[in-house]
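# Descriptive analysis of the structure
Chain by chain, the residues:
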Amino acid sequence: MSTVDERSTVEAVSSDNAINSMMEVAASEEVTTVWDRYKTQQPQCKFGTTGVCCRLCHMGPCRITPKASHGICGADADTIVARNLLREIAAGASAHSDHGRMLVKTLKLVAEGKGGSYKITDVKRLHDTAEFFGIETEGRDDLEIAGELANFFMAQFAWSAEPNATLKLAPETRQALWKKLEIEPHGVDSSVVELMHRTHMGVDHDYRHLIKGGLKCSLADGWVGSMIATTVSDILFGTPKPLRSRVNLGVLSEEKVNIIVHGHEPTLSDMLAVASTDEKLLAYAREKGATGINIAGICCTANEVLMRHGMPIAGNFLQQELAILTGAVEMMIVDVQCVMPSLPEVTKCFHTKLISTSEIAQTFNAEQITFEVEHGYQHACDLITKAIDNFAHRNKERVRIPKESMDLVAGFSNETIYHMLGGRFRSTFRPLNDAIIDGRVRGVVGIVGCNNPKVKTDDAHVRLTQELIKNNVLVLQTGCAAIACAKAGLLTPEAAMAQAGDSLREVCEAVGIPPVLHMGSCVDNSRILMAATNVLLEGGLGNDLSDLPVAGAAPEWMSEKAIAIGHYFVASGVYVMLGHPLYIEGSENVHRMLTEEMEGITGGKFAVEPDPIKAAEMIIEHIEKKRDALGINQQRERKLYDMKERRELE
Ligand code: NFS
Ligand code: SF4
């Protein structure tokens, strides 16, 4: 543990002052945070960061060095690096997809009448989805349709002779390419198992073949598991619509009972959001001296309850420890993913109760209350009651809530964007396509992913976003990236409009969308895939996703999920900018394949650039290259030339 003195000299770890000020509180409380532990891990192992450490069998572990070019079994750097990468993709795809499966289970229980207080909230989304997949809806009961859809989705996890049905949501040209490349997944679970098998000692050794296998599994993540997670969440909890809320640690209240929901699955948190308005519970809170119940989120759970209930967000990934350090949190409820095992160390210094709720995730020194769908509402009420009871234990003298909080607008599903662009008469993406074609909007970029203490927190997200909108690029966001930009005010339409380039601003004003659109949690990157698909299908911008002037970026990523996401975007033909490299630098061949050759295979590729301004330049260069190839830049130049000619004639 570093001393207070050491820490008081550290430079700002974030561009967000709420974080920096809480770092001082951490120092004075002598609580270790992720940034302290990051320091004690320096220097980080080169074999690990370059991907050349293999421990896939017990002849090893082996590592590639100038002296040892091969592992004991004979695997070279290319094989080792590629195998390690594939296992990361498998883990990332598993996380998103298991989350998706949890939702399908809930849908199934609802259909069987065993779903407790859960219900079908968006009937239209249920019907549209069922119809798309050929499930009969005419004259049928909603629950019957839901039951068949749940079974249909559940079947997408196991192996089947047919490629996954949800791939049909992609443009036909893409589907054909995946077929040609033999990277169509035939089931989510089977794709993950296949990667584990292929990377077992002594199986698949050709790095090119391995990487293609990785793309296949990543498609099972993006176009299957995540797509199902988003769709079923919309059906159960409602398809998001634009709404206002607030973000950052300043949303925590001095007077109310603060409950933080942290993790990923929206099931329990959605019920908590509902229960927090229960009159009986509110009365109980008042009885205990609080003025109300404040549910705020951290990480992607935050995005889920924000998008559907307008619940405030306390912060993103690297703020989870800091939220507890405010001394104002009665309870933190966690489920799966991105939950730091350090949390009990922090909660034990305060009155905060840490509750772990997932059957598959337990934290030592946290109270385990395993959540069951059937009793969702009761669970939520019990948890809130417990939190209210804990309010009395808050030590007012130790409460230090940073003042920072910011307005935001979120809730941009494709369904909503369609509606907003199309106005009252016909839902359509046409106005956006026209704006891209005539150059007022240069392109569209999805900025997604985590925070990472390797990077000045939030800074790369914010600066990359600012630079892109300044250059008339529309930005779509999810996850911790969206929270970072929200904290910086970029999700308030007014502030973003002021920072956007002239032509982007005009378009946004005309159609009534802000220049930075918050599309949800990390599984909702599936919404970004569908937004790109919708733009392509609207017409005038080529025949395939890889023709579009679009890109993806994860400037501060850290998790295996982000790796899976990056790969499914690349497999979908998208240029993906990372803020720091994958663990592949130990193999020139793997590096070259992912950052150069891939463009000739899927039409997408990875690029790496830590400086957000340079990254923006590279992204814009890519967008302009695509625009040139589409011929839409010439069109514009010719028009300008014509005007000049006309003037000369006059
Ligand atoms: Ni996605 Fe990263 Fe976690 Fe969400 Fe945040 S850290 S990969 S954005 S909360 S999953
Ligand atoms: Fe070493 Fe090969 Fe075993 Fe890896 S699989 S640990 S390289 S012997």
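Quick notes on the rules
Residues numbered from 1 in each chain as written. Chains lettered and ligands numbered in written order. Predicted model: local features only at pLDDT ≥ 70, side-chain atom pairs only at ≥ 80, totals over all residues. Heavy atoms only, no water. Pairing = 2+ DSSP bridges. Helix = DSSP H or I, 4+ residues; strand = E, 2+ residues; numbered from the N terminus. Axes fitted to C-alpha atoms, helices over the stretch in contact; angles between N-to-C directions. Contact = heavy atoms within 4.5 Å. Donors = N, O, S within 2.8 Å, 3.2 Å for Na, K, Ca; no water. Tetrahedral: all angles 85-135°; square planar, octahedral: opposite > 155°, others 65-115°. Patch = residues over 30% accessible without salt bridge, like charges linked within 9 Å, V, L, I, M, F, W, Y side chains within 5 Å. Areas by Shrake-Rupley, 256 points an atom, 1.4 Å probe, with all protein chains shown as cover. Salt bridge = Lys/Arg side-chain N within 4 Å of Asp/Glu carboxyl O. Buried < 20%, exposed > 50% of the residue type's maximum accessible area, 1.4 Å probe, protein only. Near = heavy atom within 4 Å. Nonpolar A, V, L, I, M, F, W, Y, C, P; charged D, E, K, R; others polar. Domains from an automatic or database assignment. Polar contact = N/O pair within 3.5 Å; in protein donor to acceptor, adjacent residues only side chain to side chain. Expected span 1.5 Å × (residues − 1). Buried area = accessible area lost by both parts, 1.4 Å probe. Arc of directions from axis to C-beta. Phe/Tyr/Trp six-rings, centres within 6.5 Å; stacked < 30°, edge-to-face > 60°. Lys NZ or Arg CZ within 6 Å of the ring centre and 35° of its normal. Core = buried A, V, L, I, M, F, W, Y, C linked by side-chain atoms within 4.5 Å. Right-handed = clockwise from strand over helix to strand, strands pointing away. pLDDT = per-residue confidence, 0-100.

Spatially, the six strands line up as an open sheet ordered E13-E12-E11-E14-E15-E16, and their pairing is parallel. The open sheet has two edge strands, strand E13 (516-518) and strand E16 (605-608), and neither has a second partner. Between one strand axis and the next, the sheet turns by 25 degrees as a mean value, whatever way the strands run. Where strand E11 (residues 443-447) lies against strand E12 (residues 473-477), five bridges are found, and the strand directions are parallel. Within E12, the position partnered with glycine 446 by the bridge is leucine 476. Contacting strand E15 (575-578) and E16, helix H24 (residues 560-571) runs over the sheet at an angle of about 130 degrees to E16.

Protein coordination of the nickel atom of ligand 1 rests on one atom only, Cys522 (SG), at 2.2 Å. Taken together, the four donor atoms coordinating the nickel atom of ligand 1 and their angles of 98 to 131 degrees define a geometry best described as tetrahedral. For cysteine 522, the location among the structural elements is in the loop between E13 and helix H23 (525-538).

We now examine a nonpolar patch on the surface. Residues Met59, Ile72 and Met201 make up a contiguous nonpolar surface patch of roughly 280 Å² in combined accessible area. Judged by relative accessible area, isoleucine 72 falls into the exposed class, the value being 54%.

Taken together, 14 residues form the shell around ligand 1, and within it Cys300, Cys338, Cys450, Cys480 and Cys522 come nearest. At the level of elements, helix H13 (299-309), helix H20 (479-487) and H24 are the ones that each hand at least two residues to the shell around ligand 1. Residue classes in the shell around ligand 1 are distributed as nine nonpolar, four polar and one charged. Looking at which domains feed residues into the shell around ligand 1, each of domain 2 (249-398) and domain 3 (410-630) gives three or more.

Around ligand 2 lies a shell formed by Cys54, Leu56, Cys57, Met59, Gly60, Cys62, Gly71, Ile72, Cys73, Ile80, Arg83 and Met201. The residue inventory of the shell around ligand 2, partitioned by class, reads nine nonpolar, two polar and one charged.

Within the secondary structure, glutamine 319 sits in the loop between strand E6 (313-315) and helix H14 (320-325). Engagement of the side chain of glutamine 319 in a polar contact is seen with the side chain of aspartate 16, the distance being 3.5 Å.

Helix length check: helix H19 (residues 459-470) (12 residues) gives 16 Å between terminal C-alpha atoms against 16 Å at 1.5 Å per residue, within 8%. After H19 finishes, the residue asparagine 472 shows a positive phi value of roughly 65 degrees.

According to the stated counting rule, one finds 40 salt bridges in the structure shown. The partner of glutamate 29 in a salt bridge is arginine 398, with the nearest N and O atoms 2.9 Å apart. Highlighted residues: glutamate 29 in helix H2 (residues 17-29) and arginine 398 in the loop between helix H16 (376-391) and strand E10 (406-410), separated in sequence by 369 residues. Taking relative accessible area as the criterion, glutamate 29 reaches 22% and is therefore assigned partly exposed.

Now for the domain arrangement of the protein chain. Here the protein chain is partitioned into domain 1 (77-237), domain 2 (249-398) and domain 3 (410-630). Computed from C-alpha coordinates alone, the two centres of domain 2 and domain 3 are separated by 32 Å. Facing the 16 residues of domain 2 at the interface are 22 residues of domain 3. Of all residues in domain 2, Met307, Asn316 and Leu318 give up the largest surface area on contact with domain 3, accounting jointly for 41% of the area buried on that side. Taken together, the links from domain 2 to domain 3 amount to zero salt bridges. Linking domain 2 with domain 3 are 11 residue pairs in polar contact (both at pLDDT 80 or more). When residues of the side of domain 2 that touches domain 3 are traced back to their parent elements, those giving at least two are H13 and E6.

Moving on, we come to helix H12 (residues 279-287). For H12, the full list of buried residues reads Leu281, Leu282 and Ala285. All buried residues of H12 project into a common sector of 100 degrees when viewed along the axis, lining one side. Counted as exposed and oriented over 90 degrees from the buried face of H12: Glu279, Lys280 and Glu287. The secondary structure elements touched by the buried residues of H12 are helix H11 (266-275), strand E5 (293-298) and H16. Its side-chain oxygen placed 2.8 Å from the backbone nitrogen of lysine 280, aspartate 278 serves as the N-cap of H12. Two residues or fewer after H12 comes glycine 289, characterised by a positive phi angle close to 95 degrees.

All right, on to the packing of aromatic side chains then. For the structure shown, the criterion picks out eight aromatic pairs. When the centroid spacing of 5.0 Å and the interplanar angle of 85 degrees are considered together, the rings of phenylalanine 132 and phenylalanine 133 count as edge-to-face. Among the residues examined, phenylalanine 132 registers a relative accessible area of 43% and is labelled partly exposed. The exposure class of phenylalanine 133 is buried, given its relative accessible area of 14%. In textbook terms, an aromatic cluster arises when at least three aromatic residues are bridged by ring pairs, as seen for Phe132, Phe133, Phe152 and Phe153. The ring of phenylalanine 350 is capped by arginine 398, whose NZ or CZ atom sits 4.2 Å from the centre of that ring.

Right, let's talk about the nonpolar core for a bit. One finds Trp223, Leu468 and Ile619 to be the most contacted residues of the largest nonpolar core, which totals 179 residues. The biggest single contributor to this core is helix H5 (residues 77-111), with 16 residues. What leucine 468 contacts, discounting residues up to four positions off in sequence, is Val445, Ile447, Val473, Val475, Ala616, Ile619 and Ile620.

Our focus in this paragraph is the side chain of arginine 125. Mapping arginine 125 onto the fold places it in helix H6 (residues 123-132). Overall, arginine 125 belongs to the buried group, its relative accessible area being 15%. When near neighbours in sequence (up to four residues on either side) are disregarded, arginine 125 contacts Thr230, Thr231, Asp234, Ile235, Thr239, Glu415 and Arg527.

Right, let's talk about the pairing of E12 for a bit. Of all five residues in E12, five are buried, a share of seventy percent or more. Traced from E11 through H19 to E12, the parallel crossover comes out right-handed.

Next up on the list: the environment of lysine 288. Looking at where lysine 288 falls in the secondary structure, it is placed in the loop between H12 and E5. With near-sequence residues (within four places) excluded, lysine 288 lies in contact with Ile388, Asp389 and Phe391.

A word on the confidence of the model for the protein chain. Here the protein chain averages 95 in pLDDT, while 95% of its residues score no lower than 70. In this model, residues 1-9 is a region of pLDDT below 50 whose contacts with residues beyond four sequence positions or in other chains number 12 contacts.

To continue, consider the environment of alanine 435. Tracing the sequence through the fold places alanine 435 in helix H18 (residues 430-437). Distance from alanine 435 to valine 475, taken between C-alpha atoms, is 14 Å for residues 40 residues apart in sequence. Apart from the residues lying within four places of it in its own chain, the contact partners of alanine 435 are Arg440, Val441 and Val507.

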